[in-house]
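Structural overview
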Amino acid sequence: MNLRQKLTLHYFALAGIIILGTALRFWHLDLKPLWLDEVLTAFFSLGLEYNDLPLDVVFPLSTLQEFFTLQPEASCRDIAQTLAQQSTHPPLFFCLMHSWLRFTGTEQLAWALRSFPALIGVGAIAAIYVLNRLIFSPIAGLIAAALMAVSPFAVYLSQEARHYTLPMLLIILALLALIPIQQRLYHQQLPSPWLWLGWGMVNSIGCYVHYFFLLAVIAQFFTLISGMIWYRRRLPGGSWIAVALVMAGIAVSYLPWWGMLLADVGRQETNWLPQPDSITPLVQLLVGWLLMVIALPVENQPWWIVIPMGGLTLGLGGWIIWRGGVGVKQLLHKPATELATLTLFGFTLAVLLQFLAIIYLLGKDISVVPRYNFVYYPTICALLAASLTVNHGASQGASGRRGAGVRGRWAIILTLTISVVSTVCVVANLVFLKPYYPQQVAENMTIEPTVPLMMVMGYDDLQDIGLGLSFAKALENVSEGSSQQGDRAIAFLSRQQGYDGIWQQLSELTIPSVSQLNLWVIAPGLKRQDYPQHLAIANQKTCILDPSQHYRIGIPYQLYRCG
């Protein structure tokens, strides 16, 4: 096969990988209901404010979509002001999502919200290909793209209406500038001002997308400065000045939001993260690494599924980690790949050290949230791909190297196969289940579909309201096309004065007159024994607690039968 044929085959393979990655990310994109965080994404991206929500009144489920209406007159400045007052996130992603929703419309809200991160996730596949091709080899680029295309973790992030794939893409782009900067510096060449500027601009943009991007910025400077100290005798004049200027530029560009960052660190919305428990965070971080490649159904499954699936995950995941470790060692012993490998490894290590500092020094166990691993997932993906291809081309050498090449190809095939199976499980909603299980809650509430239903959510802040709206959206999906949808109503009642105030509000609300009603009360923070046995509602109806219909999914919800 001549060079032209090889190049043609190579780029056909790349196109196939990108098509496969696109198909997996858009497959069943709106199958799963929106959960709490995605509802909040919709809320802010649509240009809504807290006061736009229908609070302390009863409204029919059929009108829910009216409250998820795009406000085309809302500007990025308006969205940023709302986020500053009511959330703990920087504004850029939500501003971009607002523009995206103006393009797609909101009739199919779940699809519209998730298609933007999914599209960016496809861009990340192309970006990781370019990164590995430039710093390792063309085949390493292909395998990195393939790993990301079929990664259950990457597909999961791409199907979330949240700001994870955009910073992931920006981290890859930042590394595409960082590594050439290092290569030039260590060969006594001062990088061009455009390369420094591009690197700084990507990092500045990323800081306005997600706060955890700041960890990536710190990790990049840690890696760069460590290498500059090690190779200090090789550095050209002006190297340290250039680094200082980039650092200053990023810091200055973030001045408009720096005050909000400091304020958000202490806000109560971040208090949901638990305190670390001994070495449990270390185990959870390790599990997070495995989920980047293999994710089999173990959540909410019977023991006869959990045991074999868990065993397969640990066995195959352990083998992948071992295989990757062996490959990384080989990469470190090759002069052509040593610097790039050290850079990716150093970046990953720096991020993990910051994770541990947040967990053990700040007392916020972020290891319970696997999606935060997006910060260093690109470097793990790049290193794994390079390690799997380190012996590519060895078939022309001695018999030992031929064997290594064959084993390497089988390792690639097995790893990709495991990831494809895992990704199918993700798309089928068997893995990475939505927190608070909105679909399950909706199904539990509609056990008697012919009986009129009313859902009451006790709220204290926007998080509670978002959670209630996620349950309402799931109810809307369950009721879609049903003649019973008009017999279902929602109410958000403030619990700032305690639940006695909610019971009083229930007796005063205007509720549609029906002969029978299933009243579901979602009461964050309320213990089961504190639910009253009887509730009085409007129209002189009395509701009796059904002890067989009490559920808890982090928060409790209870059925009352009214008649």
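Structure's up top.
Residues numbered from 1 in each chain as written. Predicted model: local features only at pLDDT ≥ 70, side-chain atom pairs only at ≥ 80, totals over all residues. Heavy atoms only, no water.

1. So, the overall build of the protein chain
Across its full length, the protein chain holds 21 helices and 7 strands. If one aligns the C-alpha atoms of the protein chain with their principal axes, the spans along those axes are about 85 × 55 × 45 Å. Per-residue burial for the protein chain yields a buried fraction of 56% across its 563 residues. Long-range pairs, those at least 24 residues apart, make up 79% of the contacts in the protein chain between residues at least 6 apart in sequence. Here the protein chain has roughly 24500 Å² of accessible surface; of this, 63% comes from carbon and sulfur atoms. (Helix = DSSP H or I, 4+ residues; strand = E, 2+ residues; numbered from the N terminus. Buried < 20%, exposed > 50% of the residue type's maximum accessible area, 1.4 Å probe, protein only. Contact = heavy atoms within 4.5 Å. Areas by Shrake-Rupley, 256 points an atom, 1.4 Å probe, with all protein chains shown as cover.)

2. Quick word on the state of the cysteines
Applying the stated criterion across every chain, the model contains 2 disulfides. Here Cys76 is linked by a disulfide to Cys95, with a sulfur-sulfur distance of 2.0 Å. Linking Cys76 and Cys95, the disulfide has an S-S dihedral of approximately 85 degrees and is accordingly described as right-handed. Linking Cys76 in helix α4 (residues 76-86) with Cys95 in helix α5 (residues 92-104), this pair joins segments that are 19 residues apart in sequence. Judged by its relative accessible area of 40%, Cys76 falls in the partly exposed class. Overall, Cys95 belongs to the buried group, its relative accessible area being 8%. With its sulfur 1.9 Å from that of its partner, Cys543 forms a disulfide with Cys562. Measuring the twist about the S-S bond at about 110 degrees, one finds the Cys543-Cys562 disulfide to be right-handed. With a gap of 19 residues between them, Cys543 in strand β6 (residues 541-552) and Cys562 in strand β7 (residues 556-562) connect regions that are remote in the sequence. (Disulfide = S-S within 2.5 Å.)

3. Observations concerning the pattern of salt bridges
Applying the stated criterion across every chain, the model contains 9 salt bridges. In this structure, Glu38 engages Arg114 in a salt bridge whose closest nitrogen and oxygen atoms are separated by 2.9 Å. Of this pair, Glu38 sits in helix α2 (residues 36-45) while Arg114 sits in helix α6 (residues 109-135), and the two are 76 residues apart along the sequence. Residue Glu38 shares its accessibility class with Arg114, and that shared class is buried. Here Glu160 ties to Lys434 by a salt bridge, and the two come within 2.2 Å at their closest N and O atoms. (Salt bridge = Lys/Arg side-chain N within 4 Å of Asp/Glu carboxyl O.)

4. Concerning the pairing of β6
By the bridge criterion, 4 bridges tie strand β5 (residues 534-537) to β6 in an arrangement that is antiparallel. Bridged to Ile537 within β6 is Lys541. Bridge analysis of β6 against β7 gives 6 bridges, and the strand direction is antiparallel. Note on β7: the bridge partner recorded for Ile544 is Arg561. If you look at the hairpin formed by β6 and β7, you'll find 3 residues sitting between the two strands, and Gly554 has a positive phi there, around 90 degrees. (Pairing = 2+ DSSP bridges.)

5. Overview of the packing of aromatic side chains
Following the criterion strictly, the structure yields 24 aromatic pairs and no others. Ring geometry for Phe44 versus Phe94: centroids 6.1 Å apart, planes at 80 degrees, classification edge-to-face. One end of the pair, Phe44, is in helix α2; the other, Phe94, is in helix α5, and 50 residues separate them in sequence. Phe94 carries the same exposure label as Phe44, and that label is buried. Through a chain of ring-to-ring contacts, three or more aromatic side chains come together here, namely Phe43, Phe44, Phe93, Phe94, Trp100, Phe103 and Phe116. Between Arg371 and the ring centre of Tyr372, over which it is positioned, the NZ or CZ distance is 5.8 Å. The aromatic ring of Phe68 is capped on one face by Lys473, whose charged end is 5.1 Å from the ring centroid. (Phe/Tyr/Trp six-rings, centres within 6.5 Å; stacked < 30°, edge-to-face > 60°. Lys NZ or Arg CZ within 6 Å of the ring centre and 35° of its normal.)

6. Some remarks on the nonpolar core
Core analysis: the largest hydrophobic core is formed by 171 residues, its most contacted members being Trp199 and Leu224. Once residues within four sequence positions are removed from consideration, Leu224 is found in contact with Leu178, Ile181, Gln182, Leu185, Tyr186, Trp196, Trp199 and Val243. By size, the runner-up hydrophobic cluster in this structure holds 24 residues, among which are Trp503, Leu517, Cys543 and Leu545. (Core = buried A, V, L, I, M, F, W, Y, C linked by side-chain atoms within 4.5 Å.)

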